[in-house]
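Architecture at a glance
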Amino acid sequence: RHTPILDKVYEELLTRTKGQDSYNMSEVKKDITEENQEGVFFCGYPIFRGIYQLEVRKCSRNKIPENLLLLTIVVKKLDTSEGHGYRVKRAMEALKQTLKKCLRLGDVASQYSDTQYVILLPTCTDELAYLVANRIISTFYKDYPAQKKVKIKINIESLSQHGSIVEESES
């Protein structure tokens, strides 16, 4: 769960500097270079928000399409011995593994709530965003057949060239 107070503390921790100057660019690059560049970039929500804001700024300069995808897990409460919260947690973990498998290098994802992931799809047209969402869902059900009773709600929105969201769709 994301609270404004925790988000503020987290952002404050992230803004701390190294504390000492460096005039060696290779040292700086070594410090900031990601070691394992594979697949989707998963991050905490405050970092996702910063990346989103940067991408919105980029959209205002160029005509490269971008889409925002929100996936929501819907688990009906059933009279079973298995707890509802546990089933949601299992479904979210399965969906996270599916996102790691299905998304590409350069895509950015974060857990938005207890039942949602938000995904930024840079250089992705509306049509491709729908294909990506359908690929995620079909892979989820194929790889995790025990999750067949889980429903995944899809929301896709395009970013305009002026940095605002221009259209909304829901599946």
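Every chain is numbered on its own, with residues counted from 1 as its sequence reads. Residue-level local features of this predicted model are given only where pLDDT is at least 70; pairs of side-chain atoms are given and counted only at 80 or more, and the full residue set underlies all totals for whole chains, interfaces and linings. Computation of side-chain values covers all heavy atoms of the structure but excludes hydrogens and water.

Things to note about the pattern of salt bridges
Let me state the cut-off plainly: Salt bridge, as applied in this entry: a Lys or Arg side-chain nitrogen positioned within 4 Å of an Asp or Glu carboxyl oxygen. What counts as a helix is a DSSP run of H or I of at least four residues, what counts as a strand is a run of E of at least two, and both are numbered from the N terminus.
Summed over the entire model, instances satisfying the criterion amount to 3 salt bridges. As a salt-bridge pair, Glu55 and Lys58 come within 3.3 Å of each other at their nearest N and O atoms. Remark: Lys58 and Glu55 occur in helix H3 (residues 45-61); sequence separation between them is 3 residues, near one turn of the helix. Here Lys101 makes a salt bridge to Asp143, at a shortest N to O gap of 2.8 Å.

Concerning unusual backbone geometry
The line we're drawing: Under the scheme applied here, a residue whose accessible area is under 20% of the maximum for its type counts as buried, over 50% as exposed, and between as partly exposed, the area being computed with a 1.4 Å probe on protein chains only.
Although it is not a glycine, Thr123 adopts a positive phi angle of roughly 50°. For Thr123, the location among the structural elements is in the loop between strand E4 (116-122) and helix H5 (126-143). With relative accessibility at 47%, the residue Thr123 sits in the partly exposed group.

Overview of the pairing of strand E3 (residues 108-113)
Filter applied, for reference: A pair of strands is treated as paired once DSSP finds two or more bridges between them.
Relative to E3, strand E1 (residues 41-42) is paired through 2 bridges, and the arrangement is parallel. Within the sheet, the bridge partner assigned to Phe42 lies in E3 and is Ala109. Here E3 hands over to E4 after 2 residues, the two strands then running antiparallel side by side.

Details of the packing of helix H4 (residues 84-102) against H5
To keep it simple, the criterion reads: Helix axes are fitted to C-alpha atoms over the stretch in contact, other axes to C-alpha atoms as well, and angles between N-to-C directions run from 0 to 180 degrees. Between 65 and 115 degrees an angle is taken as roughly perpendicular, under 35 as roughly parallel, over 145 as roughly antiparallel, and anywhere else as oblique. Crossing chirality is assigned from the near helix's rotation relative to the far helix, an anticlockwise turn below a right angle marking it left-handed and a clockwise turn marking it right-handed. In this description, contact between two residues means that some pair of their heavy atoms is separated by no more than 4.5 Å. When residues are sorted by character, Ala, Val, Leu, Ile, Met, Phe, Trp, Tyr, Cys and Pro go into the nonpolar class, Asp, Glu, Lys and Arg into the charged class, and all the rest, Gly among them, into the polar class.
For the pair H4 and H5, interaxial distance at closest approach is 9 Å and the crossing angle is 120°. Between H4 and H5, the angle falls in the class oblique. Along this stretch, H4 crosses H5, giving a crossing that reads as right-handed. Judged by residue contacts, Ala91, Ala94, Leu95, Thr98, Leu99, Lys101 and Cys102 of H4 engage Arg135, Ile136, Thr139, Phe140 and Asp143 from H5. Along the lines of polarity and charge, the residues of the contact of H4 with H5 split into 7 nonpolar, 2 polar and 3 charged.

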